[in-house]
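Structural overview for review
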2 protein chains.
Amino acid sequence: MRIGELSRLTGASRRLLRYYEEQGLIVPDRRANGYREYDDRYVDRVNQIRGLLDAGLPTRIIKQILPCLDKPRSIHFPDATPEMLALLTAERDRLTERIDVLIRNRDAMSEYLTEVAGCRALTPGGSHGTPNSV
Amino acid sequence: MRIGELSRLTGASRRLLRYYEEQGLIVPDRRANGYREYDDRYVDRVNQIRGLLDAGLPTRIIKQILPCLDKPRSIHFPDATPEMLALLTAERDRLTERIDVLIRNRDAMSEYLTEVAGCRALTPGGSHGTPNSV
DNA sequence: TGAAACCTTCACATAGGTGTGATGGTCAAG
DNA sequence: CTTGACCATCACACCTATGTGAAGGTTTCA
């Protein structure tokens, strides 16, 4: 498929797909006329990239760990230098810490919402104009 | 305490502390001479801000939800407009999604590392710089 | 043949968090 | 007083992920 199609399938703008390529995250083939040609697996790949970006990892890091997370990697993980493994381990641990922080914050939000909901239940009075009792 | 101390305690640069203030996330008192005066609770507060920022929330949103997560909030959560609650709920859900993505990626990394470790165990030949056995 | 829809590259712009330096005030110790 | 450590404000700079537009080639369809 060409870039427009992939853009539609992934939600990433064409610009962004070119950017990911520029950053070395994806390496599409080229047709004779210069058009980029993407095979189907790029859909998953791009989604994964976006997930990692959204997770706060910079492209520089994603570029390095992505080969490890490749689709049906099961059997043929060939290139695993010790540095690679160290990096991956470190990033995984960082990710875990980050996850913990997020969970704590999420739980604090939930807790607050629960409390407010409980409070709400006790004050049947209309909500809007009157700030809310308590 | 003054800004330098808080900076030391939180790891946030002075610049950043002023930035958070500029964004309305913290509102320290001022001494007669203009110096910012922070009370102890700002340490937790700043840490929480950094956690949320790291979580990908923009200051604009943090500013809004922070009052809800305030420390001993237990009893006196006074100002909870419906919009506020909706925003908080939405952000919490976004956060949950984000957490899920992170967990999936983290698990993929762990899985890969486990596989490689298993593979390693089978090839006793010291690889490169004798990384570190398993 | 020409218009529409797609593609290319290049380059400048923006937004958010953060670094850094200039310039100057405050305060405590020698 | 002066020195040094702290503080203040202001402003310019950076990085990274993105948007956007210009100028031009290709393909498709009428």
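See the structure printed just above.
Now for a description of the structure that goes with this document. (Residues numbered from 1 in each chain as written. Chains lettered and ligands numbered in written order. Predicted model: local features only at pLDDT ≥ 70, side-chain atom pairs only at ≥ 80, totals over all residues. Heavy atoms only, no water.)

1. Description of the overall build of chain A
- For chain A, the helix and strand inventory stands at 5 helices and 2 strands.
- Tracing chain A from N to C terminus, the helices and strands come up as α-α-β-β-α-α-α.
- Counting every position in chain A, which comprises 134 residues, the buried fraction comes to 40%.
- Excluding contacts between residues fewer than 6 apart, the proportion of contacts in chain A whose partners are at least 24 apart in sequence is 46%. (Helix = DSSP H or I, 4+ residues; strand = E, 2+ residues; numbered from the N terminus. Buried < 20%, exposed > 50% of the residue type's maximum accessible area, 1.4 Å probe, protein only. Contact = heavy atoms within 4.5 Å.)

2. Re the protein's contact with DNA strand C
- Residues in close proximity to DNA strand C total 21 residues, the closest being Gly 4, Arg 14, Arg 18 and Arg 36 of chain A together with Tyr 19 of chain B.
- Expressed as a percentage, the sugar and phosphate content of the atoms of DNA strand C within 4 Å of the protein is 67%.
- In this structure, Ile 3 of chain A approaches DNA strand C through a main-chain N or O atom, which is 3.3 Å from a phosphate oxygen.
- Put simply, the parts of the chain that give the surface near DNA strand C at least two residues each are helix H1 (3–10) and helix H2 (14–22) of chain A together with helix H2 (14–22) and helix H3 (41–54) of chain B.
- With 4 residues, the single largest contributor to the surface near DNA strand C is H2 of chain B.
- A breakdown of the residues in the surface near DNA strand C according to their chemical character gives 8 nonpolar, 5 polar and 8 charged. (Near = heavy atom within 4 Å. Polar contact = N/O pair within 3.5 Å; in protein donor to acceptor, adjacent residues only side chain to side chain. Nonpolar A, V, L, I, M, F, W, Y, C, P; charged D, E, K, R; others polar.)

3. Considerations on the protein's contact with DNA strand D
- Neighbouring DNA strand D are 20 residues; Tyr 19 and Tyr 35 of chain A together with Arg 14, Arg 18 and Arg 36 of chain B lie closest to it.
- A breakdown of the atoms of DNA strand D within 4 Å of the protein gives sugar and phosphate a share of 69%.
- Arg 30 of chain B places a polar side-chain atom, nitrogen or oxygen, 3.3 Å from a phosphate oxygen of DNA strand D.
- A total of 4 residues in the surface near DNA strand D trace back to one element, the largest contributor, which is H2 of chain A.

4. Observations regarding the packing of aromatic side chains
- Per the stated rule, a full pass over the model turns up 4 aromatic pairs over all chains.
- Pairing Tyr 38 of chain A with Tyr 42 of chain A gives two aromatic rings, centres 5.6 Å apart and planes at 80°, and the pair type is edge-to-face. Like Tyr 38 of chain A, the residue Tyr 42 of chain A is buried in the burial classification.
- Seen from their ring centres, Tyr 19 of chain B and Tyr 20 of chain B are 6.2 Å apart, and the 55° between their planes marks the pair as tilted.
- Accessibility expressed as a relative area gives 3% for Tyr 20 of chain B, which makes it buried. (Phe/Tyr/Trp six-rings, centres within 6.5 Å; stacked < 30°, edge-to-face > 60°.)

5. Concerning the packing of H2 of chain A against helix H3 (residues 41–54) of chain A
All names here are of chain A.
- At their nearest, the axes of H2 and H3 sit 12 Å apart, and the two run at 85° to each other. When the axes of H2 and H3 are compared, the pair comes out roughly perpendicular. Touching Leu 16, Leu 17 and Tyr 20 of H2 are Val 46, Ile 49, Arg 50 and Leu 53, all from H3.
- Split into classes, the residues belonging to the contact of H2 with H3 amount to 6 nonpolar, no polar and 1 charged. (Axes fitted to C-alpha atoms, helices over the stretch in contact; angles between N-to-C directions. Parallel < 35°, antiparallel > 145°, perpendicular 65-115°, else oblique.)

6. Section: the pattern of salt bridges
- One pass over the full model with this rule turns up 18 salt bridges over all chains.
- Linking Asp 107 of chain A and Arg 106 of chain A is a salt bridge whose minimum nitrogen-to-oxygen distance equals 3.1 Å.
- Exposure remark for Arg 106 of chain A: the relative accessible area of 17% places this residue in the buried category.
- In this structure, the salt-bridge partner of Glu 21 of chain B is Arg 36 of chain B, at a minimum N-O distance of 2.4 Å. One end of the pair, Glu 21 of chain B, is in helix H2; the other, Arg 36 of chain B, is in strand E2 (residues 36–37), and 15 residues separate them in sequence.
- Classification of Glu 21 of chain B as buried rests on a relative accessible area of 17%.
- Residues joined by salt bridges that share partners form a network here, namely Glu 21, Arg 30 and Arg 36 of chain A. (Salt bridge = Lys/Arg side-chain N within 4 Å of Asp/Glu carboxyl O.)

7. Thoughts on H2 of chain B
Residues and elements named next belong to chain B.
- Within the sequence span of H2, burial applies to Leu 17, Tyr 20 and Glu 21. The arc enclosing the buried residues of H2, seen along the axis, measures out at 100°, which places them on a common side. Those residues of H2 that are exposed and angled more than 90 degrees off the buried face are Arg 15 and Glu 22.
- Next to the buried residues of H2 lie helix H1 (3–10), strand E1 (29–30), E2 and H3.
- Gly 24 occupies a position one or two residues after H2 and carries a positive phi of about 80°. (Arc of directions from axis to C-beta.)

8. Focus on the packing of H1 of chain B against H2 of chain B
Residue and element names in this part refer to chain B.
- Remark: H1 packs on H2, axes separated minimally by 9 Å, with the N-to-C direction vectors making an angle of 100°. It follows from the interaxial angle that H1 and H2 lie roughly perpendicular. Across from Ile 3, Gly 4, Leu 6, Ser 7, Arg 8 and Thr 10 in H1, the residues of H2 making contact are Arg 14, Leu 17 and Arg 18.
- Considered class by class, the residues forming the contact of H1 with H2 number 3 nonpolar, 3 polar and 3 charged.

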